Amino acid sequence: MASLGLGGLNVSARRKSVPARNAAVERRNLITVCRFSVKTLIDRSCFETIDDTSPEFNNFAAILEQILSHRLKGQITWFGYESPRSFWDYIRVACRKVSHNCICSIENMENVGSSRAKGRAWIRVALMEKHLSEYISTALRDFKTTRRFYEDGAIVLGEEANMLAGMLLGLNAIDFSFCLKGEGLDGSFPAVIDYTPYLKFTQSSDSISSDEEELRTLGSSGSEGSTPENIGPPFITDENSWYNKCKRVEQKYRLALEQKGYLEELVRLRENQLSESVSQNKLLLQRIEDMDLAHKMEKEQLEYIIVELQDQLTVLKNNDLRSRQELTTHLTNQWPSPGALDVNAVALDTLLYRKHNQQWDE
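Residues numbered from 1 in each chain as written. Predicted model: local features only at pLDDT ≥ 70, side-chain atom pairs only at ≥ 80, totals over all residues. Heavy atoms only, no water.

- The name an unreviewed UniProt entry assigns to the protein chain is RUN domain-containing protein 3B, from the organism Limosa lapponica baueri.
- UniProt lists a comment for the protein chain under the heading Sequence similarities (unreviewed entry), and it reads "Belongs to the RUNDC3 family." (UniProt positions renumbered as here; feature names shortened; annotations may be inferred.)

## Notes on the nonpolar core
Nonpolar side chains tend to gather and get buried jointly when the protein is soluble and globular.
For step 1, the next point in the chain: Core analysis: the largest hydrophobic core is formed by 63 residues, its most contacted members being Phe 60, Trp 122, Leu 127, Leu 132, Tyr 150, Leu 168 and Leu 171.
For step 2, the next point in the chain: When residues of this core are traced back to their parent elements, those giving at least two are helix H1 (2–45), helix H2 (55–68), helix H3 (87–94), helix H4 (103–107), helix H5 (115–129), helix H6 (132–141), helix H8 (160–168) and helix H10 (233–334).
For step 3, the next point in the chain: If you tally residues by element for this core, the top one is H2, at 8 residues.
For step 4, the next point in the chain: Contacts of Leu 132, omitting those with residues within four sequence positions, involve Phe 60, Leu 64, Trp 122, Ala 126, Leu 127, Leu 168 and Leu 171. (Core = buried A, V, L, I, M, F, W, Y, C linked by side-chain atoms within 4.5 Å. Buried < 20%, exposed > 50% of the residue type's maximum accessible area, 1.4 Å probe, protein only. Helix = DSSP H or I, 4+ residues; strand = E, 2+ residues; numbered from the N terminus. Contact = heavy atoms within 4.5 Å.)

## Notes on a nonpolar patch on the surface
For step 1, the next point in the chain: A contiguous nonpolar surface patch, about 530 Å² in accessible area, is contributed by Leu 302, Tyr 304, Ile 305, Ile 306 and Leu 309.
For step 2, the next point in the chain: If you trace the backbone, Leu 302 turns up in helix H10.
For step 3, the next point in the chain: Of the residues examined, Leu 302 reaches a relative accessible area of 53% and is grouped as exposed. (Patch = residues over 30% accessible without salt bridge, like charges linked within 9 Å, V, L, I, M, F, W, Y side chains within 5 Å. Areas by Shrake-Rupley, 256 points an atom, 1.4 Å probe, with all protein chains shown as cover. Salt bridge = Lys/Arg side-chain N within 4 Å of Asp/Glu carboxyl O.)

## As for the packing of H2 against H5
For step 1, the next point in the chain: Two numbers describe how H2 lies on H5: the axes approach to 11 Å, and their chain directions differ by 120°. One element, H2, and the other, H5, form an angle in the oblique class. Like other packed secondary-structure pairs, H2 and H5 cross with a definite hand, here right-handed. Here Phe 57, Asn 58, Phe 60, Ala 61, Leu 64, Glu 65 and Leu 68 of H2 lie close against H5, whose contacting residues are Arg 116, Arg 120, Trp 122, Ile 123, Arg 124 and Leu 127.
For step 2, the next point in the chain: For the contact of H2 with H5, the class distribution of residues is 8 nonpolar, 1 polar and 4 charged. (Axes fitted to C-alpha atoms, helices over the stretch in contact; angles between N-to-C directions. Parallel < 35°, antiparallel > 145°, perpendicular 65-115°, else oblique. Left-handed = near helix turned anticlockwise from the far one by under 90°. Nonpolar A, V, L, I, M, F, W, Y, C, P; charged D, E, K, R; others polar.)

## Digging into the pattern of salt bridges
For step 1, the next point in the chain: Applying the stated criterion across every chain yields a total of 15 salt bridges.
For step 2, the next point in the chain: When the shortest N-O distance is used, the salt bridge between Arg 27 and Glu 160 registers 3.5 Å. Taken together, the residues span a long stretch of sequence, with Arg 27 in helix H1 and Glu 160 in helix H8 at a distance of 133 residues. Take Arg 27 and Glu 160: they sit in the same class, and that class is buried.
For step 3, the next point in the chain: Measuring nitrogen to oxygen at the nearest pair gives 3.0 Å for the salt bridge that ties Glu 65 to Arg 120. On the criterion of sequence distance, the pair formed by Glu 65 in helix H2 and Arg 120 in helix H5 is long-range, its members being 55 residues apart. Each member of the pair Glu 65 and Arg 120 is classed as buried.
For step 4, the next point in the chain: In this structure, a network of salt bridges that share partners links the residues Asp 89, Arg 92, Glu 107 and Lys 118.

## Here we look at the side chain of Ser 37
For step 1, the next point in the chain: Tracing the sequence through the fold places Ser 37 in helix H1.
For step 2, the next point in the chain: By relative accessible area, Ser 37 is classed as buried at 0%.
For step 3, the next point in the chain: Of the polar contacts made by the side chain of Ser 37, one reaches the backbone oxygen of Cys 34; its length is 2.7 Å.
For step 4, the next point in the chain: Once residues lying within four places of it in the same chain are set aside, the contact partners of Ser 37 are Phe 60, Ile 63 and Tyr 198. (Polar contact = N/O pair within 3.5 Å; in protein donor to acceptor, adjacent residues only side chain to side chain.)

## Thoughts on the packing of aromatic side chains
For step 1, the next point in the chain: Counted by the stated rule, this structure contains 7 aromatic pairs.
For step 2, the next point in the chain: Where Phe 176 meets Phe 178, the ring centres are 5.5 Å apart and the plane angle is 20°; that geometry is what we call stacked.
For step 3, the next point in the chain: A relative accessible area of 9% means that Phe 176 is categorised as buried.
For step 4, the next point in the chain: In this structure an aromatic cluster arises from ring pairing among Phe 57, Phe 176 and Phe 178.
For step 5, the next point in the chain: The lysine or arginine in question, Arg 120, covers the ring of Phe 189, its NZ or CZ lying 5.0 Å from the ring centre.
For step 6, the next point in the chain: Cation over ring: Arg 124 sits above Phe 178, and NZ or CZ is 6.0 Å from the ring centre. (Phe/Tyr/Trp six-rings, centres within 6.5 Å; stacked < 30°, edge-to-face > 60°. Lys NZ or Arg CZ within 6 Å of the ring centre and 35° of its normal.)

This is the structure:
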């Protein structure tokens, strides 16, 4: 019974690990083929202009559309049903913070009706504006909105999302030319990825040696009286093996050269961004210094105005005090004092009394 229990646990664990492995393989496949498609686009742009007729671009657009549609949640209606949703619904909300974005212009396009067609038009406009990497980076930084639109296990929610914005940065060096009225914007059919340009089979050295041994045995068994002059196939296989080795070295060299060119392009773009950031930093520092100088001058002017107002207030207070004193002195000099009034009253009574007595005497 214990063995049966352990076997059941192993089976359940294996069943749980299979979907996780499938999801991881699916994410890895899409990211890897996206990296290959970006490299092929960069290589093709060196020889011709990339437009809607380019198979490399059509493949890249299909890959990016499937990446942005990977494990996208449906929209819940009022009746509780889940209707399918396009990645444009997510881009329209998450990329609003991009400066000078093209969201409103795509929403107002007359010949683009469906949500999927608007998403495809956005890919083309963002590539022509050389802002696709900026759009994706801004959308991925809005983790709350991304979590609201995507289920667990989606590419945009995993570690692969950080690689996606870096890969798309190399497309800023390409000049794209698209027509926003072509068949590529038809949203009635899903995008299909063509994997054949990226499939290359490289035969290992052990497999080549086993093929050579098989050829030798077949040659020896075919004629028992084979002479040393009849040893042709081994020599040919040796030449083929050297030829295959040279081919492999050449392929590795080309791959390294492509990676070198891609990295050099990324470095150049990073240097341009760094120089722009340095120049903007210098402008901001100069602006801060100018604002500090203006602030100091305004502060000095305000201090000077405050001192001048204080002086004027002191002068006004002194003038007011002087005016009060002058008014008091003037009033005091114009009206006699109470003592003088009493003396005058006594003198007047004495004079009247004398006049009255003189009348009685007469």
